[in-house]
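These are the residues of each chain, in order.
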Amino acid sequence: MKVSVILPIYNGEKTIDATLKSLKEQTFQDFELIVCIDGTHDRSEDILKRYEDCFLKMIILKNRNNLGLGPTMNRLIANTSGEYIAIAEQDDYYYPNRLALQIDFLDQNPTYGLVSGIAEFWNGEKVTMLFPGILVNGGKYPEGKDLFILNYREQLKIVNSCIMLRKSVHIDNGLYFTKHYPSISVDWTYILRLSLVSKIQGLHEVLVRLDRKANRDSVTSDKVKQYLASRELLRSFAYEYPEIISKSDCKYAQTTQHLMELSITSKFKFVPTFIYFYFLNPQDTRWQPYFKKRIKRLFEKKII
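This part is about the nonpolar core. Within soluble globular proteins, side chains that are nonpolar generally end up buried alongside one another. With 41 residues, the main nonpolar core has Ile 6, Phe 148, Tyr 152, Ile 158, Ile 200, Phe 237 and Ile 245 as its most contacted residues. Here this core takes 6 residues from helix α8 (residues 186-195), the largest share from any one element. Residues contacting Ile 6, with those up to four places away along its chain left out, are Ile 34, Met 73, Leu 76, Ile 77, Thr 80, Ile 85, Ala 86, Ile 87 and Ala 88. Counting residues in hydrophobic clusters, the runner-up holds 36 residues, among them Leu 48, Phe 55, Ala 86 and Phe 131.

In structure tokens, the structure reads:
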């Protein structure tokens, strides 16, 4: 088939139905759906089987034990037969033209190995944000080392939940999804490495709606785990690519991470944590505007 859609599942019974409906309603239908249940025993498989007749081909794989996102993604890709591989996630909604737009771009641009698009954040009632800003504002991703550094310094600026990749680029360059980091940073690691071997395009179209409800049950809602993984990724990539990542790049990226961590720091810990992070890189110009913003929130909402 032209396209293989891969879908890793971990305790997905609460959200997988909406994701499958959105895949069923794609305007492009010549794709196989490869699913892997990663060592969980909820109702996900029963829900999947209700959709078997909705797709030209569905393969359901199951890991006996929970292996994590990296090994699960590698197993999924190993079972694909498509020229292009589209990644889906168990708690996202995909707009009907998602696959068609991405296929059209890759067909017409053979030097590109990956294409993504714009995501909207949904809180259950309304869209609260569009991401990434570079695409929302009509910009274009840089290429090669420049894109690598952008995604390293600013954290991932590519919507990982709606990427489509060219399988030949994945295979010819020996790419894989690592298990070195917790599940949260797996896609970030993969896209960093791919950006050094192939061009990446971001479509100026909203392709996916991300579930960002307050009560959602997702690995990305575990901020402590997420931030520890991000810190480790920044350290290890600086060690692995010293010819690309300068000391100033590393410091900038660490400050980006510290600013994200401050966003969930309680009002009782904010000031000492801010001071500690500030003195790790006092030259960064982002500290002062961020501090002013938090102080403004203190007076407006009586909280930090």
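Now that the structure is up, let's keep going.
The next subject is the environment of Asn 173. Secondary-structure assignment places Asn 173 in the loop between α7 (167-172) and α8. By relative accessible area, which is 36% here, Asn 173 ends up partly exposed. Linking Asn 173 and His 41, residues 132 residues apart in sequence, is a C-alpha distance of 35 Å. In this structure the side chain of Asn 173 is engaged in a polar contact, spanning 2.9 Å, whose partner is the backbone oxygen of Val 169.

Moving on to α8. By the criterion of burial, α8 is predominantly enclosed, with 9 of the 10 residues buried. Turning to α8, its buried residues are Val 186, Asp 187, Trp 188, Thr 189, Tyr 190, Ile 191, Leu 192, Leu 194 and Ser 195.

Here we come to the packing of α8 against helix α9 (residues 223-240). Two elements in contact, α8 and α9, have axes whose closest approach is 11 Å; the angle formed by their N-to-C orientations is 25 degrees. Taken together, the axes of α8 and α9 lie roughly parallel to each other. For α8 against α9, the interelement crossing comes out right-handed. Contacts from Trp 188, Thr 189, Leu 192 and Arg 193 in α8 reach Ser 230, Leu 233, Leu 234, Phe 237 and Glu 240 in α9. Partitioning the contact of α8 with α9 into residue classes produces 5 nonpolar, 2 polar and 2 charged.

Cut-offs used in this document
Residues numbered from 1 in each chain as written. Predicted model: local features only at pLDDT ≥ 70, side-chain atom pairs only at ≥ 80, totals over all residues. Heavy atoms only, no water. Core = buried A, V, L, I, M, F, W, Y, C linked by side-chain atoms within 4.5 Å. Buried < 20%, exposed > 50% of the residue type's maximum accessible area, 1.4 Å probe, protein only. Helix = DSSP H or I, 4+ residues; strand = E, 2+ residues; numbered from the N terminus. Contact = heavy atoms within 4.5 Å. Polar contact = N/O pair within 3.5 Å; in protein donor to acceptor, adjacent residues only side chain to side chain. Axes fitted to C-alpha atoms, helices over the stretch in contact; angles between N-to-C directions. Parallel < 35°, antiparallel > 145°, perpendicular 65-115°, else oblique. Left-handed = near helix turned anticlockwise from the far one by under 90°. Nonpolar A, V, L, I, M, F, W, Y, C, P; charged D, E, K, R; others polar.

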